[in-house]
Amino acid sequence: MGRGASTNSIPEIDDDRFLLVIGSNTTEAHPVLALRMKKAVRNGATLVVADPRKIWLTKIAKRHLQLRPGTDVWLLNAIMHVILEEGLQDEEYIRAHTEDFEAVREIVKRYPPEQAERMTGVPAEDIRATAREYAAEKYAAVFYTLGITEHACAVDNVWSLSNLVLMTGHLGYESTGLNALRGQNNVQGLNDAGANPSYLPGYQSLTDPEVVLKFEERWGAKVPQTPGYRLDQMISGLHDGRIKGLYLVGENPAHTEPNAHHVEEGLERVEFMVAQDLFLNETTRDHADVVFPASSFAEKEGTFTNTERRVNRVRKALDSPGSAREDWRIVVDFANALGAGWWYETAEDIWNEFADLSPNWSGIRYDRLEEVGLQWPCTDLDHPGSRFLHAPRPDRAGGRAKFFPVEYQPPIEQPDSEFPFVLSTGRTLYHYNSAGMTMREPGVTDKQVEPFFEISAEDASNLGLEEGDLARLVSRRGELEAEARITERVYPGLVWMALHFAQAKVNWLTHDVGDPLIGTPEYKVSAVRIERA
Amino acid sequence: MVELTVDGRTIQATEGELLVHVLARNGVFVPTLCHDAKLDPYGGCRVCVVEVEGAPRPVPACATRAAQGMAISTNGRAEKLRRTLTEMLLTEHLNANPGGRPNELVGLAEELGAEAPFILPDAKREPYEDRNRLMGYDPDACILCNRCVRYTQEVMQCSALSLEGRGPEARIVPTWDRSWLDTECELCGGCLSVCPTGAIYEKFEEGFPANREVQLDKVKTTCTFCGVGCQIDLNVDRETNRIVKVTSDPSYLPNEGDLCVKGRFAFNFVHHPDRLTEPLVRGEDGELHETSWEHALAVAAKGLEEVRDRHGPQSIGFLASARLTMEENFLIQKLARAVIGTNSVHSCEAT
Ligand code: SF4
Ligand code: SF4
Ligand code: SF4
Ligand code: FES
């Protein structure tokens, strides 16, 4: 639907009457947003959860669609199949605001619910009921997160959801829409800022001569025209010699990237690496040539943009320890050491350059963010910001949203006799990705600190594992040891593990074949075998 | 819309609106303790009582809804009753400040000029030890208003706490005789944030004097842990230059004062001794050594320049970060594009 952003706002969730939460363990990944979902359900809204695991939200859900990992497209196409078969689509919306609908109609014909039941494990009746409820309710919102994007077919999954939302006209007003719940605090801002090889700040085109000229004039420098590398291409570039130098800002690819052993080997070949971070981590300790001491969020001015596109101020509360500096100052100092002649004195100077260059942000200025943040698009100083997108019509050239037919692709790695279990990964409430920050919290780690994996009672007893027993998980790429946690959250054949543990990195096991378009690695589905340790 | 009178003044209200909100909007002060706009109407403590013409007894403003023609009186008998109720609460309020949180009962007593006429002989209630290192509960500060339990049931839906016992025995306890840490509690601190007396309080690290609330400097900012973007106040002790606790406020969007365990309690990493404080450069010996900024910047610039000269700008990759600010990420992509000359800028978590 054009942009990777939530269409609607967090407070609007209170008034949702139907919520489809797919591949989002919201109470752990976005706990305070989940409070709004709990409130909506308490006020009588219908909640349907689609997730391989019995996550907390299934407790208050009307229905749990417990699909097999990686079969989202089957499920979604089958829901659309029912909608079209029963004529529940919004013909008026489709005619006035979309294009290429026929292509989707053709494809979803081949996804009847009975066959979907065999593929996904979700009963056909549940698929039908969900389709009917969703199509009938005006204030119906869809929420998704990494669960749906961390697959090799990440883009397909998002297109499927977009097709579903469009054919029922759930777009362009309050308490509805397609809501991508952003993982880390400032993923939205990171992308908005143009830290991406395929577009300039503000999602502006790298190939539009007018846009490029605008940037070149402001920057007094050429904008390179050679396409850049995505992260996965940089890592393979380390192996084949295309990448020789790295500049890392607060990142730890040796931990967070799939097939971590392969990443580590690549990092060994780097000729020169510069990093700036709060702590040393596996990547920098062994491979960095220079490490600059950086600042935490409490030590600087700036903004984070949340998942509802709201630009919120970050304010300085403390001085940094020792001679550590704000990250933006480090970048300025480094650029100047290369002779760039940058002059920024405050974070606001930087913001203003971004906002001057990016039409959808040009109305957002620091003085307007004092009381409460503003949601982009916000195109001039009188613009109040945008609570929801695509109103009164889809925000795309020509005012029409496009349907993209999507066919199911099986997950790249299927379980077999040697590696019979599907391993799915994710995050837990108590930690934050590689946990460089949260593993250092006393009190918080009391709840959870040893590496563990979730396994069903049936599988555990077949393997002779008891609660808390140490087991070895082995994939084609590596192995690790973790404690078995026996739970009904996973079904037989599925095991689940969190990303956070340095001593048992689940990314030693996962594979690194990503979505061909955006390079998002397939964290969610790998095949493993389990042995008693 | 309905019309009603308050102390003789005619005002308008939406039918069914809680009186306490109608009054506040019209500048009439009625104190509350057990009331919380987030929670269902409760009417437990009765310090908000007002008189309504025709009603046999004073009614709680927090649990009574506006109706056409109501004649409300907030002073006189109601005011006296409020003072008496406050005094009753004070007879059991042995500890006004277990953890340095603001105490609304003490504030109310000052406002009304109420003092405890005596201390109930059996006021002392048994505390219990708990493995929860982040939050504590002191029954001697608790007025049994049940706001905490209602929050756990209605907002967090965690079923971790309950009200146990009667009379002098009554206390808030973790459910099913477990340690608080071993209940369904997810350490969000929501029950703490709604407690009007500070009976539930943040536990501080060893040696931190708890009664220094007044000296804490609040800096409003955005939580650094997830995309919800909760608005928080870092409470900083200026003497030690440390964050002491994190609070929020019901007026803040999008979280309306709610937080999760990370936003509320995971701030100690900021002060961790492992923080890097000086630039590091890898020496001949293969180890990282502390050095000056000037030297580190020169080494870094020379190193990447040499890579660029040998292999071209395409050979250098930049990893930005979703943890950093928008402004910082903007600069990193500008560094890559405008200074080094490559579009290769990406991050580990692009989703
Ligand atoms: S801290 Fe949060 S999760 Fe724990 S008991 Fe209180 S409200 Fe429930
Ligand atoms: S702990 Fe606080 S919120 Fe809970 S009943 Fe006691 S005074 Fe009320
Ligand atoms: S307090 Fe919790 S829910 Fe809110 S932004 Fe921080 S991590 Fe996210
Ligand atoms: S505040 Fe109204 S009864 Fe307690």
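Residues numbered from 1 in each chain as written. Chains lettered and ligands numbered in written order. Predicted model: local features only at pLDDT ≥ 70, side-chain atom pairs only at ≥ 80, totals over all residues. Heavy atoms only, no water.

Engineer: Residue-level account of the pattern of salt bridges, with values.
Structural biologist: Inspection of every chain in the model, using the stated rule, returns 57 salt bridges over all chains. Notably, a salt bridge pairs B:Asp40 with A:Arg42, separated by 2.5 Å at the nearest N-O pair. Of this pair, B:Asp40 sits in the loop between α1 (19-25) and β3 (49-52) while A:Arg42 is found in helix α2 (residues 31-42), placing the two residues in two different chains. The class for B:Asp40 is partly exposed, based on a relative accessible area of 34%. In this structure, B:Glu202 engages B:Lys245 in a salt bridge whose closest nitrogen and oxygen atoms are separated by 3.9 Å. Of this pair, B:Glu202 sits in strand β9 (residues 200-202) while B:Lys245 sits in strand β12 (residues 242-247), placing them 43 residues apart in sequence. For the pair B:Glu202 and B:Lys245, one class covers both residues: buried. When salt bridges that share partners are traced, they join A:Glu418, A:Arg472, A:Glu479, A:Glu481, A:Arg529 and A:Glu531 into one network. (Salt bridge = Lys/Arg side-chain N within 4 Å of Asp/Glu carboxyl O. Helix = DSSP H or I, 4+ residues; strand = E, 2+ residues; numbered from the N terminus. Buried < 20%, exposed > 50% of the residue type's maximum accessible area, 1.4 Å probe, protein only.)

Engineer: Tell me about the packing of aromatic side chains, residues and numbers included.
Structural biologist: All names here are of chain A. As enumerated under the stated definition, the model contains 21 aromatic pairs over all chains in all. Judged by centre distance (5.8 Å) and plane angle (55°), the ring pair of phenylalanine 18 and tyrosine 134 falls under tilted. Placement of the pair is phenylalanine 18 in strand β1 (residues 18-22) and tyrosine 134 in helix α7 (residues 124-136), with a sequence separation of 116 residues. We note that phenylalanine 18, like tyrosine 134, is buried. Judged by centre distance (5.1 Å) and plane angle (70°), the rings of phenylalanine 215 and tryptophan 219 are edge-to-face. In this pair, phenylalanine 215 and tryptophan 219 both sit in helix α11 (residues 209-219), 4 residues apart, roughly one turn of the helix. (Phe/Tyr/Trp six-rings, centres within 6.5 Å; stacked < 30°, edge-to-face > 60°.)

Engineer: Residue-level account of the side chain of B:Thr91, with values.
Structural biologist: All names here are of chain B. Here threonine 91 shows up in the loop between α2 (77-90) and α3 (104-112). Within the structure, the side chain of threonine 91 is placed 2.5 Å from the backbone oxygen of methionine 88, a separation counted as a polar contact. The residues contacting threonine 91, other than those within four sequence positions of it, are Ala116, Pro117, Phe118, Ile119, Leu120 and Ala123. (Polar contact = N/O pair within 3.5 Å; in protein donor to acceptor, adjacent residues only side chain to side chain. Contact = heavy atoms within 4.5 Å.)

Engineer: Tell me what's going on with the interface of chain A and chain B, and back it up with residues and numbers.
Structural biologist: Each partner contributes to the interface: chain A provides 151 residues, whereas chain B provides 111 residues. In this assembly, chain A packs against chain B so that about 11,400 Å² is buried in total across both faces, 63% of it on carbon and sulfur atoms. Applying the counting criterion to the chain A and chain B interface returns 9 salt bridges. In this structure, B:Arg310 and A:Glu271 form a salt bridge, with 2.7 Å as the shortest nitrogen-oxygen distance. Where chain A packs against chain B, one counts 54 residue pairs in polar contact (both at pLDDT 80 or more). At 9 residues, helix α16 (residues 327-337) of chain A tops the list of elements feeding residues into the side of chain A that touches chain B. (Buried area = accessible area lost by both parts, 1.4 Å probe.)

Engineer: How would you summarise the sheet that holds strand β15 (residues 452-455) of chain A if you had to cite specific residues and measurements?
Structural biologist: Residue and element names in this part refer to chain A. Spatially, β14-β18-β15-β17-β16-β19 is the arrangement adopted by the 6 strands of the closed barrel, whose pairing is mixed. Along the sheet, successive strands turn relative to each other by an average axial angle of 45°, direction set aside. Summarising the sheet, β15 and strand β17 (residues 479-486) pair through 4 bridges and their orientation is parallel. Paired with glutamate 454 across the strands is arginine 485, a residue of β17. (Pairing = 2+ DSSP bridges. Axes fitted to C-alpha atoms, helices over the stretch in contact; angles between N-to-C directions.)

Engineer: Help me get a handle on the side chain of B:Lys220, residues and values and all.
Structural biologist: With respect to the helices and strands, the residue B:Lys220 is situated in strand β10 (residues 216-222). Although B:Lys220 lies buried, it forms no salt bridge, and the closest oppositely charged side chain, A:Glu371, sits 5.6 Å away as judged by the N-O distance. Within polar-contact distance, the side chain of B:Lys220 engages the backbone oxygen of A:Glu371 at 2.8 Å. Beyond its immediate chain neighbours, meaning those up to four positions away, B:Lys220 contacts A:Arg315, A:Glu370, A:Glu371, B:Gln231, B:Ile232, B:Asp233 and B:Tyr252. (Lys, Arg positive; Asp, Glu negative; His and termini not counted.)

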